[in-house]
Amino acid sequence: MIEAGVVLVRLPNWLGDTVMALPALHDLRAARPAICLMAVGRWAPLLAGQGVADVLLPYPLELGRRRRLAASLRAMGPDAAVLLTNSFESALAARLWGAGTRLGYDTDLRRALLTHAVPLPSPRLHQVDEYRELVAAAGVAATATAPVWRLTDDAAAGAAVAALLDECGVSGEARAVGLHLGASFGSSKQWPAVSFAEAATRLSGRGLRPILLGTPADAEMAAAISASAGWPIPSLVARDRPELLPRLLASLACLVSSDTGVAHLAAAVGTPTVTLFGPTDPRLTAPRGLAARRIEGRAPCAPCFLPRCPIDHVCMRDITPARVTEVVEEMLTA
């Protein structure tokens, strides 16, 4: 089905899903070294140096820029498109790109737009495996099972990360534990501020250096955590950049996070990772890696997959700071 020519791969929209697509992308690249592989997606530029594509193109949000991208891709005469997204829009875009073969899962009323519609697995598989199964439908052997992120040589990025950590009091033998606050899916994934505050205090009491991480949208949460803790917890919230994120995560002794893309990236670079699950299902999206652990909050309604909790956030409140601290210590002494 995909043997030669120009092949477009529509990457997932989210960072975590993009990381989980790495095994499928590596399989496709290894099985078809002669094709011109072009990856298109919001996080595509971050994959530079991963050896998964010849060209990495960002997928713009603005409609006019998408039309110009479609015209440029169509002019290349692509032979095929592999859609790692399940949306109607992505199938329509692949058709507008002029891809003769369009492979994707049969979802979102898009069968007519696909030349090869693959039934969605039932029951659903882990996201890593669903991407691998889709590529396997193109005749590519699935071999890789866990995402692996290779850090590239970049002295400037290394120096920038070292400077950020130094500002947080991390140097020499100090061991930093990142506490990632955000969850782009919605607030239902977030651990309460009081829980983060207690965990930070417990970790500090054990000789570790907690550091708050997150996007500008997490600034209010970071302030609430330090206020609850009663001391200024070191914070890099809104201060790192996407291109620095893999190296920053690799510099941590451990990461504590909800079910976010950052957790998947940390596990892929080899950082011990503790992921907190409540409204989502770890069987489908738990980070994979040799040093990846998860803690599941118990609640009759979990997993609900709702972006916002309509009750009292029972599942995430069930995860105690004492338990999180215990798991972090277990990982660091293993």
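For the structure given in this document, a descriptive report is provided here. None of the values given here were measured: they were computed from a predicted structure.

### Description of the overall build of the protein chain
Phase 1 of the analysis: In terms of helices and strands, the protein chain carries 13 helices and 11 strands.
Phase 2 of the analysis: Rg of the C-alpha trace for the protein chain: 21 Å, near the compact-globule value of 20 Å for 334 residues, within the 12% margin.
Phase 3 of the analysis: Seen through its principal axes, the protein chain has C-alpha atoms that stretch 60 × 50 × 40 Å.
Phase 4 of the analysis: Expressed as a percentage of its 334 residues, the buried residues of the protein chain come to 51%.
Phase 5 of the analysis: A separation of at least 24 residues holds for 61% of the contacts in the protein chain among residues at least 6 apart in sequence.
Phase 6 of the analysis: In the structure as shown, the protein chain presents an accessible area of about 14,600 Å², 55% of it carried by carbon and sulfur atoms.

### Things to note about the side chain of Gln-50
Phase 1 of the analysis: Mapped onto the elements of the fold, Gln-50 is located in the loop between strand E2 (36–40) and strand E3 (55–57).
Phase 2 of the analysis: When residues no more than four places from it in sequence are discounted, the contact partners of Gln-50 are His-26, Val-148, Trp-149 and Arg-150.

### Here's the deal with the sheet that holds strand E5 (residues 101–105)
Phase 1 of the analysis: Here we have six strands laid out as an open sheet, ordered E3-E2-E1-E4-E5-E6, and parallel in their pairing. Only two strands of the sheet have a single partner each, and these edge strands are E3 and strand E6 (116–118). On average, each strand axis in the sheet is inclined to that of its neighbour by 15°, with strand direction left out of account.
Phase 2 of the analysis: Taken together, the three bridges between E5 and E6 define a ladder with parallel strand orientation. Paired with Tyr-105 across the two strands is Val-118, which belongs to E6.

About the cut-offs
Throughout this document, residue positions are counted from 1 along each chain, in the order its sequence is written. Per-residue local features of the predicted model are confined to residues with pLDDT of at least 70, and side-chain atom pairs are confined, for both listing and counting, to 80 or more; whole-chain, interface and lining totals are unaffected and use all residues. Excluding hydrogens and water, the side-chain figures rest on all heavy atoms present in the structure. Secondary structure elements are defined from DSSP: runs of H or I of at least 4 residues count as helices, runs of E of at least 2 residues count as strands, and each element is numbered from the N terminus. All radius of gyration figures rest on C-alpha atoms, and the globule criterion is 2.2 Å times the number of residues raised to 0.38. For every residue, the accessible area (1.4 Å probe, protein chains only) is compared with the maximum for its type, and the residue is labelled buried under 20%, exposed over 50%, or partly exposed between those bounds. We call two residues in contact whenever any of their non-hydrogen atoms come within 4.5 Å of each other. Working definition of accessibility: Shrake-Rupley area with a 1.4 Å probe, residue cover restricted to the visible protein chains. Any two strands with at least two DSSP bridges between them are considered paired. Lines fitted to C-alpha atoms define the axes, with helix axes restricted to the stretch in contact, and inter-axis angles between N-to-C directions lie between 0 and 180 degrees.

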